[in-house]
Amino acid sequence: MDDLDNKLLNALHRDARASLSELAETLGVTRTTVRSRLHRLKQSGEIVGFTVVTRKNVAESPVRGLMMLGIEGRGTERIMSRIAAMQQVRAVHSTNGSWDLIAEIGTDTLAELDGVLFQIRRMEGITRSETNLLLSTRKGRS
């Protein structure tokens, strides 16, 4: 990937529905160049798809947070499966550093979030946790 590929990806992050003409104008290249670059980025697997972020995606769970978890011993897989099965959990990530797992949680109210956090903290094998509320969301790489 070169600088033009990076600029093209940034432009697509801003507006994945931009036309070839709009992208070409933004990047100062021809439509043919944009078309061939897009094709190459898709073929190489650098671009794996296109998506739309809607207001509903953000408003679906007005109270959202990231819960970092420390796990004791070898129970990570078991705990990860239990957490992932919870309705309010959007995703569970394994990670490196001082935390073993990060759970993305979304609820309708703070009280409901508190209940989910309490339920997770009580699971056998979880030694510590830290939760950060997500206050606002912006589209990345603008």
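Residues numbered from 1 in each chain as written. Predicted model: local features only at pLDDT ≥ 70, side-chain atom pairs only at ≥ 80, totals over all residues. Heavy atoms only, no water.

**Some details on the sheet that holds strand β1 (residues 63–71)**
Taken in spatial order, the four strands line up as β2-β3-β1-β4 in an open sheet, and their pairing is antiparallel. Two strands lie at the open edges of the sheet, namely β2 (89–94) and β4 (126–134), each paired on one side alone. Neighbour-to-neighbour, the strand axes of this sheet turn through a mean angle of 20°, independent of strand direction. Of the pairings in the sheet, the one linking β1 to strand β3 (residues 101–107) comprises seven bridges and is antiparallel in character. Its bridge partner lying in β3, Leu 66 is registered against Glu 104. Along the sheet, helix α6 (residues 110–121) contacts β1, β3 and β4; its crossing angle with β3, the most-contacted strand, is approximately 150°. (Pairing = 2+ DSSP bridges. Helix = DSSP H or I, 4+ residues; strand = E, 2+ residues; numbered from the N terminus. Axes fitted to C-alpha atoms, helices over the stretch in contact; angles between N-to-C directions. Contact = heavy atoms within 4.5 Å.)

**Observations regarding the packing of helix α1 (residues 3–14) against helix α3 (residues 31–43)**
In the contact formed by α1 and α3, the axes pass within 11 Å of each other and the chain directions differ by 90°. In terms of axis orientation, α1 runs roughly perpendicular to α3. Where α1 abuts α3, its residues Leu 4, Asp 5, Leu 8, Leu 9 and Leu 12 lie against Thr 33, Val 34, Arg 37, Leu 38, Arg 40 and Leu 41. Of the residues that constitute the contact of α1 with α3, the class distribution is seven nonpolar, one polar and three charged. (Parallel < 35°, antiparallel > 145°, perpendicular 65-115°, else oblique. Nonpolar A, V, L, I, M, F, W, Y, C, P; charged D, E, K, R; others polar.)

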